[in-house]
Amino acid sequence: MNIILLAPPAAGKGTQASLLTKKYGFKHISTGELLRKSLEANDAVSLEIKETMQAGKLVSDAIILQLIEKEFLVAEQGIILDGFPRNKTQALKYAELLTSLGQEIDYVFYLAVPKAVAMERIFGRRTCPSCGKIYNSRALENKEKCMDCNTALVKREDDTEETFDLRYETYIKETSPLIAFYQEQGLLYEIDASLSTEEVFASIEKVLSKESE
Ligand SMILES: [Zn+2]
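Every value quoted in this text rests on a predicted model; they were computed, and no experiment measured them.

Asker: Please explain the overall build of the protein as it appears in this structure.
Answerer: A tally of regular secondary structure across the protein gives 9 helices and 7 strands. Compactness check: the protein gives a C-alpha radius of gyration of 19 Å against a globular reference of 17 Å for 213 residues, within 12% of the reference. Taken over the C-alpha atoms alone, the protein extends approximately 55 × 45 × 30 Å along its principal axes. Within the protein, the proportion of its 213 residues that are buried is 23%. Contacts in the protein between residues far apart in sequence, at least 24 positions, make up 69% of those at least 6 positions apart.

Asker: What's the story with the sheet that holds strand S3 (residues 79-82) in this structure? I'm lost.
Answerer: Hydrogen bonds between backbone atoms are what pair the strands of a sheet, whose relative direction is either parallel or antiparallel. In space, the 5 strands of this open sheet follow the order S2-S3-S1-S4-S7, with parallel pairing throughout. Each having just a single partner strand, strand S2 (27-30) and strand S7 (188-192) make up the two edges of the open sheet. Pairs of neighbouring strands in the sheet enclose a mean axial angle of 25°, with direction left out of account. The sheet contact formed by strand S1 (residues 2-6) and S3 spans 4 bridges and is parallel. Bridge assignment links Asn2 to a residue of S3, and that residue is Ile79.

Asker: It is not clear to me how the packing of helix H4 (residues 61-74) against helix H5 (residues 88-101) should be interpreted in this structure. Could you clarify?
Answerer: If you want to describe how two helices pack, look at the angle between their axes and the distance between the axes. Axis separation between H4 and H5 bottoms out at 11 Å; the angle between their running directions is 35°. In this structure, H4 crosses over H5, and the sense of that crossing is right-handed. Of the residues in H5, those touching H4 at Asp61, Leu65, Ile68, Glu69 and Phe72 are Gln90, Lys93, Tyr94, Leu97 and Leu101. Broken down by class, the residue content of the contact of H4 with H5 amounts to 6 nonpolar, 1 polar and 3 charged.

Asker: What am I meant to see in the pairing of strand S4 (residues 107-112) here?
Answerer: Consecutive residues of a regular strand have side chains that alternate between opposite faces of the sheet. The pairing of S1 with S4 spans 4 bridges and is parallel. Across the sheet, Leu5 pairs through a bridge with Phe109, a residue of S4. Pairing between S4 and S7: 5 bridges, direction parallel. Paired with Val108 across the two strands is Leu188, which belongs to S7.

Asker: How should I be thinking about the nonpolar core in this particular structure?
Answerer: Counting residues in each nonpolar core, the largest one holds 33 residues, and the members touching the most others are Leu5, Ile80, Phe109 and Leu111. Not counting residues up to four positions away in its chain, the partners in contact with Leu111 are Leu5, Ala7, Ala11, Gly12, Lys13, Gln16, Ile191, Ala193 and Val200.

Asker: What am I meant to see in the environment of Met1 here?
Answerer: With respect to the secondary-structure elements, Met1 resides in the segment before S1. A residue is classified by how many C-beta atoms lie within 10 Å of it, and Met1, with 18 of them, is partly exposed. With 17 residues separating them along the chain, Met1 and Ser18 place their C-alpha atoms 15 Å apart. Setting aside residues no more than four positions away along its own chain, Met1 makes contact with Phe26, Gln77, Gly78 and Asp106.

About the thresholds
- Residues numbered from 1 in each chain as written.
- Predicted model: local features only at pLDDT ≥ 70, side-chain atom pairs only at ≥ 80, totals over all residues.
- Helix = DSSP H or I, 4+ residues; strand = E, 2+ residues; numbered from the N terminus.
- Rg over C-alpha atoms; globule rule 2.2 N^0.38 Å.
- Buried ≥ 20, exposed ≤ 12 C-beta atoms within 10 Å, placed from the backbone.
- Contact = placed C-beta atoms within 7 Å.
- Pairing = 2+ DSSP bridges.
- Axes fitted to C-alpha atoms, helices over the stretch in contact; angles between N-to-C directions.
- Left-handed = near helix turned anticlockwise from the far one by under 90°.
- Nonpolar A, V, L, I, M, F, W, Y, C, P; charged D, E, K, R; others polar.
- Core = buried A, V, L, I, M, F, W, Y, C linked by C-beta atoms within 7 Å.

Now the structure itself:
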């Protein structure tokens, strides 16, 4: 089973991926995690990645594909790709890799969430600097203190409107053409990700169960 998750920032992609992993035993592969894992391996590839990152450059598609290929060899129940492909060039290269492995994509889930909803989710987030607990500002009703340890809550530093705009625009520009690309191949399933975590997961499961009947 090969699944790709496409989603704008704050659509809950990571959460859904881990729910799917827990329930079905799929292997969740995010590019960030792949690179971190590879750096620990301390081999020739990890050295190349280290040098690229230290030079402030992006790790090449070829290397990422090589790392994904390795994961295929140990994944028994299937793979959920999160954060790759990010653009059409990568999608075409990924298709080539799958063909060479005798595999194909089964589902591309597009977690659709309007920008306004995504923004509210990100900017409504407060964390406790002391115990790390995360709150939604709406649920707090203006009590800006941690319910567990009474520390004053803070906003995450990277949660500024500028960084969010940039991430969102980059996503629209690069990733949204993939939606049409996979739609043409009949692989795309659009999921309403503005709903609750449970409802979003239920919609994904509905697609998965329908197809296996
Ligand atoms: Zn706390």
